[in-house]
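Spelled out from the first residue to the last, the chains are:
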Amino acid sequence: MHFITNGKHADFALVFAANDRTKRAQGGAAMQFLAMGRLSIGAMCNGIAEYCLNLGIDYAKERRAFDRPVGKNQYVQGHIVDSVVELKPAKLMTYECAWKYDNGDPVIQESSIVKLYSAEMVNRVVDRMIQVHGGIGWMRELPLERIYRLVRIFTLVEGTSEIQRHIIAKTVGL
Ligand SMILES: Cc1cc2nc3c(=O)[nH]c(=O)nc-3n(C[C@H](O)[C@H](O)[C@H](O)COP(=O)(O)OP(=O)(O)OC[C@H]3O[C@@H](n4cnc5c(N)ncnc54)[C@H](O)[C@@H]3O)c2cc1C
């Protein structure tokens, strides 16, 4: 089975394949293209995480339960703080990877780290922000439940999380 994003609108599909394992290991042109794709997915994940985090922060300030904003509760703060702490390094490593890419570095390891970390991070952040919203977070009135389904794709496309770990293992000589 093959999945191609926007495939139904395309007249042609470009397929990369290798029939020689030694040449596959060298990567070359194809790996560079994938590195850029992984970097882009990482940036997308960061933007979506930031959007959802801001929704959660706003809601935690405005929603009142038991005569005070829900964000005054430490458990709710924990969801937000953990997300702030995870988003920050994701953005920094994405900027660093983009800077290296712009300077001609192949960023094979860096783009896999960015993609792996950001894709898993955004899933955790969206999940927490639904929790911050309580029941309304699950309802279609808000965008969070749709985003929750959307971000699940990011650990699958452009190389699954398992494959990113495999690539990173190879870059450290394993
Ligand atoms: C909506 C959507 C759009 C897509 N768009 C595109 C596209 O435009 N272009 C494109 O090329 N692909 C596209 N894909 C395909 C996507 O990249 C693959 O689905 C993905 O790479 C996983 O491959 P698979 O589905 O064959 O899973 P499998 O290869 O069957 O993997 C199943 C599980 O085994 C793990 N696994 C497999 N091999 C290894 C291994 N060697 N080491 C460790 N774990 C392993 C996987 O990580 C996964 O957890 C798209 C997929 C979807 C759902």
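This text goes with the structure placed above it.
Residues numbered from 1 in each chain as written. Predicted model: local features only at pLDDT ≥ 70, side-chain atom pairs only at ≥ 80, totals over all residues.

Draft legend 1. A look at the overall build of the chain. Counting secondary structure elements, the chain contains six helices and two strands. Start at the N end of the chain and walk to the C end: the helices and strands fall as α-α-β-β-α-α-α-α. Taken along its principal axes, the extent of the C-alpha atoms in the chain is 65 × 35 × 25 Å. Buried residues in the chain amount to 30% of all 174 residues. (Helix = DSSP H or I, 4+ residues; strand = E, 2+ residues; numbered from the N terminus. Buried ≥ 20, exposed ≤ 12 C-beta atoms within 10 Å, placed from the backbone.)

Draft legend 2. Representation of helix α3 (residues 74–102) in the model. Over its 29 residues, α3 extends 42 Å from the first C-alpha to the last, a length consistent with the 42 Å expected when each residue adds 1.5 Å. When we look at burial in α3, the residues that qualify are Val76, His79, Ser83, Leu87, Ala90, Thr94 and Cys97. (Expected span 1.5 Å × (residues − 1).)

Draft legend 3. The arrangement of unusual backbone geometry in detail. Located in the positive-phi region is asparagine 6, a residue other than glycine, with phi close to 60°. Among the secondary structure elements, asparagine 6 is positioned in the segment before α1 (21–26).

Draft legend 4. Broad picture of helix α4 (residues 108–133). Taking 1.5 Å per residue, 26 residues should reach 38 Å; α4 reaches 38 Å between its end C-alpha atoms and fits that length. Judged by how many residues are buried, α4 sits mostly within the fold: 19 of 26 residues are covered.

Draft legend 5. Representation of the environment of proline 89 within the structure. Along the chain, the position of proline 89 falls in helix α3. With 69 residues separating them in the primary sequence, proline 89 and glutamate 158 have C-alpha atoms 21 Å apart.

Draft legend 6. Seen up close, the site of the ligand. As a matter of local geometry, the ligand sits amid Phe3, Ile4, Thr5, Ile153, Leu156, Val157, Thr160, Glu162, Ile163 and His166. The residue inventory of the shell around the ligand, partitioned by class, reads six nonpolar, three polar and one charged. (Near = placed C-beta within 6 Å. Nonpolar A, V, L, I, M, F, W, Y, C, P; charged D, E, K, R; others polar.)

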